[in-house]
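Geometric and topological summary
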Amino acid sequence: MQIVFIGNQFIMLKELESKRVAELFSTPVLQQTAFWSKIKSRLGAEPLALNFKVKLSGLAGRNEKTTDYIDSDIVVLVQRIDNLHSVAYVPYGPELEPKEEYSGIFLEELSEQLRSFLPEDCIMIRYDLDWESFWAKDEDFYNERGEWEGPPERVVQELRFNMSTEKWNLRKSGSNILPSNTIYVDLEKPDKHILSGMKAKTRYNIALSHRKGVEVRTCGIESLNIWYQLYSETAIRNSFYLHSPDYFRVLLSERATDTKSPAEVLLLIAEYDKKPLASMFLVISSTRATYLYGASSSSMRNFMATYALQWKAIQIAKSRGCVLYDMFGVSPFADSSHPMYGLYRFKTGFGGQMHHALGCWDYPLKNEIYSSFVAQEMNQQGYHL
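Described below are features of the structure shown in this document. (Residues numbered from 1 in each chain as written. Predicted model: local features only at pLDDT ≥ 70, side-chain atom pairs only at ≥ 80, totals over all residues. Heavy atoms only, no water.)

Considerations on the overall build of the protein chain
Which entries qualify depends on this criterion: The way it works is that DSSP assigns letters per residue, a run of H or I at least four long becomes a helix, a run of E at least two long becomes a strand, and they are numbered from the N terminus. The cut-offs for exposure are 20% and 50% of the maximum accessible area for each residue type, with area from a 1.4 Å probe on protein chains only; residues under the lower value are buried, those over the upper are exposed, and the others partly exposed. To be clear on the numbers: accessible area is Shrake-Rupley with a 1.4 Å probe, and residue cover counts the displayed protein chains and nothing else. When charges are counted, Lys and Arg are positive and Asp and Glu negative, with His and the chain ends excluded. Each charge is placed at NZ for Lys, CZ for Arg, CG for Asp and CD for Glu.
In terms of helices and strands, the protein chain carries 10 helices and 14 strands. For the C-alpha atoms alone, the extent of the protein chain along its principal axes is close to 65 × 50 × 40 Å. Taking all 385 residues of the protein chain together, 53% fall into the buried category. About 17800 Å² of surface is accessible on the protein chain, with carbon and sulfur atoms providing 48% of the total. Charged side chains in the protein chain number 43 positive and 47 negative. The centres of these two groups are separated by 7 Å.

Brief notes about the pattern of salt bridges
Going by this rule: Take a side-chain nitrogen of Lys or Arg and a carboxyl oxygen of Asp or Glu: if they are within 4 Å of each other, that pair is a salt bridge.
Tallied over the full model, the rule gives 16 salt bridges. The closest approach of N and O atoms between Asp-191 and Lys-318, which form a salt bridge, is 3.0 Å. Of this pair, Asp-191 sits in helix α4 (residues 191-196) while Lys-318 sits in helix α8 (residues 305-319); the two residues are 127 residues apart in sequence, bridging distant segments of the chain. Note that Arg-249 is salt-bridged to Asp-246, the shortest N-O span being 2.5 Å.

Here we look at the nonpolar core
To keep it simple, the criterion reads: Only buried residues count toward a nonpolar core. Its members are Ala, Val, Leu, Ile, Met, Phe, Trp, Tyr and Cys residues joined through side-chain atoms within 4.5 Å.
In terms of nonpolar packing, the biggest core is built from 37 residues, with Phe-35, Trp-227, Phe-248, Leu-251, Phe-281, Leu-292 and Tyr-293 touching the most fellow members. Elements with a minimum of two residues in this core: α1 (34-42), β4 (69-80), α6 (224-238), α7 (245-253), β10 (264-272), β11 (275-285) and β12 (288-296).

A look at the pairing of strand β14 (residues 353-364)
In regular strands, side chains alternate between the two faces of the sheet. As a reminder, the rule being used: We treat two strands as partners when DSSP finds at least two bridges between them.
Counted residue by residue, β14 has 10 buried out of 12 residues, so it is predominantly covered. Strand direction decides the pairing type here: strand β7 (residues 171-172) and β14, joined by 2 bridges, are antiparallel. Among the inter-strand pairings, Lys-172 is bridged to a residue of β14, identified as Trp-361. With 4 bridges joining them, strand β8 (residues 181-186) and β14 adopt antiparallel strand pairing. Its bridge partner lying in β14, Thr-182 is registered against His-355.

Brief notes about a nonpolar patch on the surface
Note the following rule: Patch definition: residues above 30% relative accessible area lacking any salt bridge, with like charges linked at up to 9 Å and the nonpolar side chains Val, Leu, Ile, Met, Phe, Trp and Tyr linked at up to 5 Å.
A cluster of nonpolar residues, Leu-159, Met-163 and Trp-168, forms a patch on the protein surface that exposes about 290 Å² of accessible area. Tracing the backbone shows Leu-159 in helix α3 (residues 154-162).

Overview of the pairing of β11
Counted residue by residue, β11 has 9 buried out of 11 residues, so it is predominantly covered. As defined by bridge partners, β10 adjoins β11 across 9 bridges and the pair is classed as antiparallel. Counterpart to Glu-271 in the pairing with β11 is Pro-276. Where β10 hands over to β11, the hairpin turn is made up of 2 residues, of which Asp-273 adopts a positive phi near 50 degrees. Strand direction decides the pairing type here: β11 and β12, joined by 8 bridges, are antiparallel. Considered in β12, the bridge of Met-280 is made with Gly-294. As consecutive antiparallel partners, β11 and β12 are separated by 2 residues, and within that stretch Ser-286 has a phi angle of approximately 55 degrees, a positive value.

Observations concerning unusual backbone geometry
Note that the residue after Gly-93, namely Pro-94, is joined by a cis bond; omega there is 0 degrees. The topology assignment puts Pro-94 in the loop between β5 (86-91) and α2 (103-114). Although it is not a glycine, Ser-286 adopts a positive phi angle of roughly 55 degrees. Inspection of the secondary structure puts Ser-286 in the loop between β11 and β12.

Brief notes about the environment of Ala-375
Take Ala-375: it is sitting in helix α10 (residues 367-377). Assessed through its relative accessible area of 43%, Ala-375 is described here as partly exposed.

With respect to α2
Under the convention used in this document: Each residue after the first adds 1.5 Å to the expected span of a helix.
Under the 1.5 Å per step criterion, the end-to-end length of α2 is 16 Å for 12 residues, consistent within 8% with the ideal 16 Å. The buried fraction of α2 amounts to 11 of the 12 residues, a majority that puts the element mostly inside the structure. Regarding α2, the residues found buried are Ser-103, Gly-104, Ile-105, Phe-106, Leu-107, Glu-108, Glu-109, Leu-110, Ser-111, Gln-113 and Leu-114.

Here's the deal with the layout of surface pockets
What counts is decided by this rule: The rule is simple: put a 1 Å grid over the protein atoms alone, call a set of points where a 1.4 Å probe fits but cannot get out a cavity, call an open set with protein on both sides within 12 Å along at least five of seven lines a pocket, and count a residue as lining if it has an atom within 4 Å of a point. Grid points are joined across faces, edges and corners, and a volume is the space filled by probe spheres set on the points. Ten residue types, Ala, Val, Leu, Ile, Met, Phe, Trp, Tyr, Cys and Pro, are classed as nonpolar, four, Asp, Glu, Lys and Arg, as charged, and the remainder, Gly among them, as polar.
Reported here for the second largest pocket is a volume of approximately 300 Å³. Lining the second largest pocket, in full, are Pro-28, Val-29, Tyr-92, Pro-94, Glu-95, Glu-97, Asp-130, Trp-131, Tyr-184, Arg-288 and His-355. Broken down by class, the residue content of the lining of the second largest pocket amounts to 6 nonpolar, 1 polar and 4 charged.

Observations concerning the state of the cysteines
Applied cut-off: The disulfide criterion used throughout: a pair of cysteine sulfur atoms within 2.5 Å.
Inspection of the entire model under this criterion finds 0 disulfides. Looking at Cys-122, it has no disulfide partner, and the nearest cysteine sulfur is the one in Cys-360, 15 Å off. The structure places no disulfide on Cys-322, whose sulfur is separated from the nearest cysteine sulfur, that of Cys-219, by 19 Å. Cys-322 gets classed as buried once you look at its relative accessible area, which sits at 4%.

Points about the packing of α1 against α7
So the rule is basically this: Axes here refer to lines fitted to C-alpha atoms; in helices the fit is confined to the stretch in contact. Angles between the N-to-C directions go from 0 to 180 degrees. In a left-handed crossing the near helix is turned counterclockwise from the far helix by less than a right angle, and in a right-handed crossing that turn is clockwise. Any two residues having at least one pair of non-hydrogen atoms within 4.5 Å are treated as being in contact.
At their nearest, the axes of α1 and α7 sit 10 Å apart, and the two run at 145 degrees to each other. Viewed along their axes, α1 and α7 form a crossing whose handedness is right-handed. Residues Phe-35, Trp-36, Ile-39, Lys-40 and Arg-42 of α1 pack against Tyr-247, Val-250, Leu-251 and Ser-253 of α7. Each residue belonging to the contact of α1 with α7 can be placed in one class, and the counts come to 6 nonpolar, 1 polar and 2 charged.

So, to be careful, I would describe these as geometric facts and stop short of saying anything about function.
See the structure below:
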């Protein structure tokens, strides 16, 4: 057991120990499941699963006076970057969110304990934090229209995050890997209430797609070629990173049903007269559904197939017992210069609640090599852990 004190308060992080990936706890956070670990393992990463305990009083929304602990776990993906070095990446983890004043201390303590589980040549730990951004809770960072304008410059972020840490070693990454801004749609409401929470144009487009005869079917790996044609067309049109067909083949074939945290993967295709117009990956983990990837044809866009697709995905998610639908990635607000502005316009039409996360933070383990890696990383496009 190790204890970090801050004045008269402290967080206890104890009993960090490895376990089998198959024993990872069930969680709605897709990237912290055994399913996601197996996907990444088949694609070349080495997943590590670890248990730990945290004192409840150090977590957001918890009673200060409790002396109880909560069990949790974490997935760490070790990825080689060359023959001599590796990095450790924690996708949307740790899942437990500490109180703001303990955030840096919690990650510092976890990082120092993680050292002994990582390869000797590991140069850093990168946490892709889904914790709510400190600055998303600060009204000074919202404009007159009530839109969040993003966090302050990096040096200010690091100053606040490292406050009260011992080593001041947490660094804000130059970019985020997983989306740090998303929209959550509450699925516990009746369909009519979900529809009423959408923008009028979105409701109209859903109805229009049905009137035009767009149909959505659920399929599997046999339709991978249809997906990839639409996906490639979309990637070229929007200039984003293009995964290989093998990546999606792995995604469709893995289920991790022999674990405590499996996932259901559905490939949905929207068609008119058997002509594919749009497609998406819907992944269900515990009580959350995630719109993981989407693609659409450049033709017949007036059929609004993407709207039919999303509404069908929401209905499927509800039928599977999901309480939350994750739109998975938008610009932080309506900024027409942002590369994800188009997704913002589309996804915000479905209603829901915006979530702004802290994004990627690094804990260097070998500072000189880390600095060189970061400089090189900033000049490379399409580096994905």
